[in-house]
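Below, each chain spelled out in residue letters.
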Amino acid sequence: MNIIDNSIRIPQQLINIAEGTFTGAHLIESSKTIGQLTNMFLDEGAREEMDQQQLVYRVQAHLPVADGTLGGLFFGTTWIQPGTVGDEYFMTHGHFHQLADRGEYYWGLKGSGVLILMDEQRKGRAEYVYPGSLHYIPAYTAHRVANIGDDELSFGACWPSDAGHNYDEIKKHGFSKRLFNRGGVPTLEDIQIA
Ligand code: PAN
Ligand code: ZN
C-alpha cells in the first residue's frame, strides 16, 4: 500500500544489478527441469535419456499487482544453465503473450545467448544476448532465449501485467527456427511444421 506523508522511505524491494536477483515483497520464483520440458526440444529421445532432475532455467519475478491488471508492469530475471539436449542449446519454453498485442523488453545481464523471435505468420529471426544488450520484443511476437555459452546466462525482462502467457501455440507447433550447436558454432535452422 502507498502511504502518503512527508517521510522519505526505504524501497520495499532491492535488485542486485549485476546478478538480477531481487529481495523484498511480491516475489515469485519458478524453475524448469529437463523432466518438465516434454516435447520442447527437437530430440525428445535425447531429453528422455538425461537426468530428469537437471535444472534448465529458473525465474525470479517481481509482481507488484495481480496478474491480469491493466496498466501495471512486471519485472523478472531468468537464469539459463549451459548445456544441450542433443545438439540444441538449453533454452526457455518460449511463448506469445495471452493478450497478443502486448510487447516486452529483455536485456542481457551475464553470459551469452540468443533471443529467438517469431511472428504470427511464423516468420522468425534472432539476436545475440550478452551483458548490456537490449531487446525490444514487439507485440504479436513469440520469444525464447537459448544459452550458447559455457556459463550460466541471465537476462532481465519487463512486461505489462495484463500480458499473460500463451504457451499452447509453442507446445503445438514449436518455433519456426531452432538453435543448434553444430561443431561448436551456434547455428539457426528452419524447422517445418510436421
Ligand atoms: C519472461 C519469461 C521467462 C521464462 O519473464 O517468462 O524468461 O520463459 P518462459 O515463460 O517462456 O518459460 C517473459 O517473457 N515474460 O513475459
Ligand atoms: Zn514474455
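Note that the structure is predicted; figures quoted are calculated from it, not measured.

A. Quick peek at the coordination of the zinc ion (ligand 2). At the metal site, the zinc ion (ligand 2) is ligated by H95 (NE2), H97 (NE2), E104 (OE) and H143 (NE2), and these contacts range over 2.1 to 2.4 Å. Taken together, the 6 donor atoms coordinating the zinc ion (ligand 2) and their angles of 75 to 174° define a geometry best described as octahedral. Counting the intervening residues between successive donors of the zinc ion (ligand 2) yields the motif H-x1-H-x6-E-x38-H. For E104, a relative accessible area of 5% gives the class buried.

B. Molecular detail of the nonpolar core. Ranked by size, the top nonpolar core spans 37 residues in total, and within it I80, V85, F90, Y106, L115, V145 and L179 carry the most contacts. Contributions of two or more residues to this core are made by β4 (55-62), β5 (73-80), β9 (113-119), β12 (141-147) and β13 (153-160). Counting residues per element, this core draws most heavily on β9, which supplies 5 residues. If near-sequence neighbours (up to four positions away) are discounted, L115 is found in contact with Y106, R125, A126, E127, V129, H135, I137, H143, R144 and V145.

C. Structural view of the pattern of salt bridges. Overall, the coordinates contain 10 salt bridges when judged by the stated rule. Between R182 and D87 there is a salt bridge whose closest N-O contact spans 2.9 Å. You can see R182 sitting in strand β14 (residues 177-182) and its partner D87 sitting in the loop between β6 (84-85) and β7 (88-89), a full 95 residues away along the chain. By relative accessible area, D87 is classed as partly exposed at 41%. A salt bridge links R125 to E127, with the nearest nitrogen and oxygen atoms 3.4 Å apart. Judged by relative accessible area, E127 falls into the partly exposed class, the value being 25%. Put simply, D87, R182 and E189 are held in one network by salt bridges that share partners.

D. Region of interest: the sheet that holds β12. The strand order β10-β9-β12 describes an open sheet built from 3 strands, whose pairing is antiparallel. Pairing within the sheet leaves two strands with one partner each, and these edge strands are β10 (124-129) and β12. Averaged over all neighbouring strand pairs, the angle between strand axes comes to 20°, with direction disregarded. Relative to β10, β9 runs antiparallel, the two sharing 6 bridges. If you follow L115 over to β10, its bridge partner there is E127.

E. Here's a closer look at the sheet that holds strand β8 (residues 104-110). Taken in spatial order, the 6 strands line up as β3-β4-β5-β13-β8-β11 in an open sheet, and their pairing is antiparallel. Single-partner strands in this sheet number two, and they are β3 (27-33) and β11 (134-137). Averaged over all neighbouring strand pairs, the angle between strand axes comes to 20°, with direction disregarded. Alignment of β3 against β4, held across 7 bridges, turns out to be antiparallel. In the sheet register, S31 faces β4, and the bridge partner there is R58.

Cut-off values and rules
The residue numbers shown here count from 1 along each chain, following its written sequence. Whichever chain is written first is A, and whichever ligand is written first is 1; the rest continue in order. Where totals are concerned, whole chains, interfaces and linings use all residues; where local detail is concerned, this predicted model gives features only for residues with pLDDT of at least 70, and gives and counts side-chain atom pairs only at 80 or more. To obtain the side-chain values, all non-hydrogen atoms of the structure were included, while hydrogens and water were left out. Each metal's donors are the N, O and S atoms found within 2.8 Å of it, except that Na, K and Ca use a 3.2 Å limit; water is left out, so coordination can look incomplete. Under this scheme a four-donor centre is tetrahedral when all angles range from 85 to 135 degrees, a four-donor centre is square planar and a six-donor centre octahedral when opposite donors are above 155 degrees with the rest from 65 to 115, and any other centre is irregular. Burial classes: relative accessible area under 20% of the type maximum marks a residue as buried, over 50% as exposed, and values in between as partly exposed (1.4 Å probe, protein chains only). Buried residues of nine kinds, namely Ala, Val, Leu, Ile, Met, Phe, Trp, Tyr and Cys, make up a nonpolar core once their side-chain atoms join them within 4.5 Å. Put simply, DSSP marks the helices as runs of H or I at least four residues long and the strands as runs of E at least two long, and each gets a number from the N terminus on. Residue contacts are defined here by distance: any two heavy atoms, one from each residue, within 4.5 Å place the two residues in contact. In the sections that follow, a salt bridge refers to a side-chain nitrogen of Lys or Arg positioned within 4 Å of a carboxyl oxygen of Asp or Glu. Whether two strands pair comes down to DSSP finding at least two bridges between them. Interaxial angle, 0 to 180 degrees, is taken between N-to-C directions of lines fitted to C-alpha atoms, where a helix line uses only the stretch in contact.

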